[in-house]
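# Survey of secondary and tertiary structure
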Amino acid sequence: MAALVWVQRTASLRKPGSLLHSRSPALRFRCRFHVGKKSCSSELLHRSVVPSMHYQKSLPRLPIPKLEDTIRRYLAAQTPLLDDDQFRTTEKVAHDFLNGEGRQLHEELVLMDKNNKHTSYISAPWFDMYLSARDSLVLNFNPFMSFNPDPKQEYNDPLVRSTNMVCSAVRFMKTLRAGLLEPEVFHLNPAKSDTAKFKNFIRWVPSSLSWYGAYMVNAYPLDMSQYFRLFNSTRIPKRGRDELFTDEKGRHLLVLRKGNMYVFDVVDGDGNMVKPVEVQAHLKYIMSDPAPEAEFPLGVLTSENRDVWAGLREKLIAAGNAEDLQTVDSALFCLCLDEEIMKDHIHISHNMLHGDGCNRWYDKSFSIIMAKDGQAAINFEHAWGDGVAVLRFQNEVFKDTTERPLVHPGSTPAADSASAVRRLDFKLTGELKDGIKKAKQNFDSAVSKLTIDAMEFKKGGKEQLKKSKLSPDAVVQLAFQMGFLRQYGQTVATYESCSTAAFKHGRTETIRPATVHTKRCSQAFVQQPGAHSVEQLRGMLHECSKYHGQLTKEAAMGQGFDRHLFALRYLATSQGRLLHSLYTDPAYAAINHNILSTSTLTSPAVSLGGFAPVVPDGFGVGYGVHDDWVGCNVSSYPARNVHEFLQCVHKSLEDIFSVLEGKPLS
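All values reported here derive from a predicted model rather than from experimental measurement. (Residues numbered from 1 in each chain as written. Predicted model: local features only at pLDDT ≥ 70, side-chain atom pairs only at ≥ 80, totals over all residues. Heavy atoms only, no water.)

## Here we look at the overall build of the protein chain
Summing up its helical and strand segments, the protein chain has 21 helices and 18 strands in all. Here the C-alpha radius of gyration of the protein chain, 25 Å, is about what a compact globule of 666 residues would show, namely 26 Å. Each principal axis of the C-alpha distribution contributes one length, and for the protein chain these read about 75 × 65 × 55 Å. Considering only contacts within the protein chain whose residues lie at least 6 apart along the sequence, 80% involve residues at least 24 apart. Of the roughly 25500 Å² of accessible surface on the protein chain, 53% is carried by carbon and sulfur atoms. Here the protein chain contributes 80 positively and 73 negatively charged side chains, and the mean placements of these two sets differ by 5 Å. (Helix = DSSP H or I, 4+ residues; strand = E, 2+ residues; numbered from the N terminus. Rg over C-alpha atoms; globule rule 2.2 N^0.38 Å. Contact = heavy atoms within 4.5 Å. Areas by Shrake-Rupley, 256 points an atom, 1.4 Å probe, with all protein chains shown as cover. Lys, Arg positive; Asp, Glu negative; His and termini not counted. Charge placed at Lys NZ, Arg CZ, Asp CG, Glu CD.)

## Some remarks on the UniProt feature "active site" (unreviewed entry) in the protein chain
With numbering aligned to this structure, UniProt lists the feature "active site" (unreviewed entry) at H382. Inspection of the secondary structure puts H382 in the loop between β10 (376–380) and α12 (387–403). (UniProt positions renumbered as here; feature names shortened; annotations may be inferred.)

## Some details on the environment of E182
Among the secondary structure elements, E182 is positioned in the loop between α5 (158–177) and β2 (185–187). Taking C-alpha positions, E182 is 37 Å from R73, a pair spaced 109 residues apart along the chain. Those residues within four positions of E182 in sequence are excluded, and the remaining contacts are H46, S48, K199, M224 and R392. At a separation of 3.4 Å, a polar atom in the side chain of E182 contacts the side chain of K199. (Polar contact = N/O pair within 3.5 Å; in protein donor to acceptor, adjacent residues only side chain to side chain.)

## Concerning the nonpolar core
Ranked by internal contacts, the top residues of the largest apolar core, which has 131 residues, are L254 and F393. It is α5 that contributes the most residues to this core, nine residues altogether. Both domains that furnish three or more residues to this core are identified here as domain 1 (67–130 + 451–661) and domain 2 (140–178 + 229–448). Among residues more than four places away in sequence, those in contact with L254 are M261, Y262, V263, V328, A331, F333, C334, L335, W361 and L424. (Core = buried A, V, L, I, M, F, W, Y, C linked by side-chain atoms within 4.5 Å. Buried < 20%, exposed > 50% of the residue type's maximum accessible area, 1.4 Å probe, protein only. Domains from an automatic or database assignment.)

Below you can see the structure in the form of structure tokens.
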């Protein structure tokens, strides 16, 4: 099943802690690994004529919406979820908030934003929400995106593919740190903006003005402030609130196999990439290590509750493991060499999303997971950033490994690796061993409750929907609404993630796909199939599409309501104020209890992606809309039936495409 996916899933609202005022070091991007005479072009992905961070200084700031607009949008999103009495109550508290405490909080937020022009109003609260969350990273936060296989079958050998991926990752890192990685730009008219002529012009425009130059040709540079956290970065567990750690001096790779942990350098003392045949030899040495599975695999501790893990980490340090932990934390990234062969797409999803807990270090900014049959994926920690940087990395690595591989099926690895590879040997007390056992029990209990299923709809896709002048994303979101209504007879809180990377330090905004239009249309298709003509049903589809398009545009421009209300609540809590009744209204809790959490992306590098539900009675819905088919990869816990849900979604898509072909509903 070639598709699917995740983009930027974010957690449901959590209790915020104190404000984070530190300036992000993201814009430092000084090059430690300079590109000079010693750095040949084979060590780089490419040499961009426009410096990587050229647009960063002039990116527009994330706007704070008008409070009136936020309340209007909030009430519009609540309408399909509430009955008349509930809505009147919610409307009353919302208007009270608008004319009273909300107004005061909004003015304070605007003032704070004016005094912090180096960042966005959502950046600090959003970091804090993630880092203060105490739940396990596994299932609750870390998503996965799996790579498509290499088109040349022989290059999917796990040793060859691992070596090429590690080398391409180092190339990416060196290109980025040299400032030679192509800036991330969304081109609306690539014939004008994605050209050598334009790039040679814009490179000379001062960085304080460069964004405007791109805007003039309908190109939108995206925020790249998260990129520096891709490498040498780890989330460190701390009691109450975790910390993000980055040490760009680290030159080594962390490798896990059978729960054992190994390190070796992939960059030498001069900043040059270690020869690919040496990397291959080191990985071959690890893959051939006869050591049994670790009796007490330390990695499983990273799946624990964050406070529990923080306490055990303190005990690890006290037992004399500080240096080895520092080695893990400062590694470029983590490579997990799994011993399993993947049976099917469901197996891939489970393995890449959570695995067995023993051969992972979930705290690393990202891990490349390599199965025994060469199936590969990225699993990443979510606090440091959203999907934008990770997807760019995955796309570049896939392109580089498939088009310019550095080792080949016939390559002979270098000689002796024993002296270059070090296996980490942690000193474990009885208490730590008990902690590892308990963590494994908790992990097994949590993942045993997760079910994943997938669906492919082959009777139409993007092309046919566009011909019908309908938004493909709107139609698939509508199918989820219809599917849930058919299965459970309800319209429920639904979350679709949208990037706000077009703004400085933008993160995400929420699109709310459950609307009065989708509710009316779903009821017509599911509950009154014979009551409307084909023309009337088509008219409803167009209403849904038009409104969804408007919501998507607003969210991408920072004009949703979720982040604004979140920031106002965070501000009130950080000042110790009593929360206004808008936030204690059951309707506010319900709309943030996202039963349908959805995210999409299609990419030539990505085969499959997914995440767990964000609430116990929810679905985690990854999907991709392709030219002539639609794919979904969906997860659930025992409270929901994912197999039945996908059958209902398939039926909904069949009905929609039938109506578009002029056939009445049967």
